[in-house]
Amino acid sequence: MCSSDLGKTVTVYIAGGVGAGLDSYARTLMPYLGKYLPGTPTMVASNMPGAGGVQGMQYLYNIAPKDGTAIGTTNAGPISEPLIGTAKVTYDLGKLRWIGSLVKGDTVCAMWHESPIKSLADAQAREVTISATGATSAPTRTALILNALIHTKFRPIAGYDGGSSLLAVERGEVDGSCVTLTSLRTSRPDWLAQKLFVPIVQVALDPIAEYPEVPRAIALLKTDDERRTLEFLMLPYEFGNPYYLPPGAADEALAAYRAAFDRAMQDKDYLADSEKHRQRPQPRKGADVEALVQRYLATPQPIIDGAMQATDPQEIGRAHV
């Protein structure tokens, strides 16, 4: 990218549907990213939600131009898929050129305020139902890995979509769910503000500052293998809403995008727009995202196998004592 790019258009391939959280974050950022790129190109969104976002990442990786005029963003699903999915993918996370990410891991397992489950100790003492979108969805995997590692008794109830999953909590059909605070801030901000949805355990690498009293799962683990197992499942969420160029994109383009991303993160107008859209960016720089990707890809196979066994859908309903 250089001054000759003036007037060009950059397409942002969003691996998710229109109106979803990933899409909302991307459309808020796009004008500010373009503002700081050489030539101030026009930024255009192209949504590709197929196969849980895998289609969008595969298109960016294999088909989109590699001249700096195409970038991608995704949710955690396509990040997890190469190591824990069942479908063969045609992209290599290690070859993507990482620009930066917008949010850090902030998953919590939380209970509706009317549930009798008030603490982690309660969830270790009796069965706790949580809503989930599928047998291998993030809420299900989170619940099952906690059952295996810290002896909770979560029972995921799969089959909801994103909206009805939260509605089931509100109606009292389930005790709670395991979700990201990022998604709740945009979809159910009153739940947090009015303390209607009460976290009982944090499932993130870094402490979540607003809930210092809520225990952190990773701090409760006793062995390195246990910590690596939990970390393996958490890492795709630790660089949420990442941005990347396809393999083969020039170093010059990557440097330009990283500089523009970092400047956008400091832009007062962008931060004001984010607040207006109930977003709370917690950015990571491109080099940091790249390091986390390499850390994820370097997970030893026995750790992956252990995580997969612990989160096998057949584990649903089994007691962990």
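Structure: above.
Because the structure is predicted, anything quoted here is derived from the model rather than measured. (Residues numbered from 1 in each chain as written. Predicted model: local features only at pLDDT ≥ 70, side-chain atom pairs only at ≥ 80, totals over all residues. Heavy atoms only, no water.)

### Observations regarding the state of the cysteines
Per the stated rule, a full pass over the model turns up one disulfide. Between the sulfur of Cys109 and that of Cys178 lies a disulfide, 2.1 Å long from S to S. Between Cys109 and Cys178, the S-S dihedral sits near 100°, and the bridge is therefore right-handed. Linking Cys109 in strand 5 (residues 107-112) with Cys178 in strand 8 (residues 176-180), this pair joins segments that are 69 residues apart in sequence. (Disulfide = S-S within 2.5 Å. Helix = DSSP H or I, 4+ residues; strand = E, 2+ residues; numbered from the N terminus.)

### Let's talk about the pattern of salt bridges
Here the structure, examined in full by the defined rule, presents 15 salt bridges. For Arg280, the salt bridge identified is with Glu210, shortest N-O distance 3.5 Å. With Arg280 in the loop between helix 11 (268-276) and strand 11 (284-285) and Glu210 in the loop between strand 9 (197-203) and helix 9 (224-238), the pair connects residues that are 70 residues apart, well separated along the chain. Note on Arg280: relative accessible area 42%, which makes it partly exposed. (Salt bridge = Lys/Arg side-chain N within 4 Å of Asp/Glu carboxyl O. Buried < 20%, exposed > 50% of the residue type's maximum accessible area, 1.4 Å probe, protein only.)

### Things to note about the packing of aromatic side chains
For the structure on display, the rule yields eight aromatic pairs. Centroid distance Trp98 to Phe239: 6.1 Å. Interplanar angle 75°. Geometry classified as edge-to-face. One end of the pair, Trp98, is in strand 4 (residues 97-103); the other, Phe239, is in the loop between helix 9 and strand 10 (240-245), and 141 residues separate them in sequence. Residue classification places Trp98 among the buried residues on the basis of a relative accessible area of 2%. Since its relative accessible area comes to 1%, Phe239 is described here as buried. Ring centres 5.2 Å apart and planes at 15° place the aromatic pair Phe232 and Tyr296 in the stacked group. Taken together, the residues Phe232 in helix 9 and Tyr296 in helix 12 (residues 286-297) connect sequence positions 64 residues apart. (Phe/Tyr/Trp six-rings, centres within 6.5 Å; stacked < 30°, edge-to-face > 60°.)

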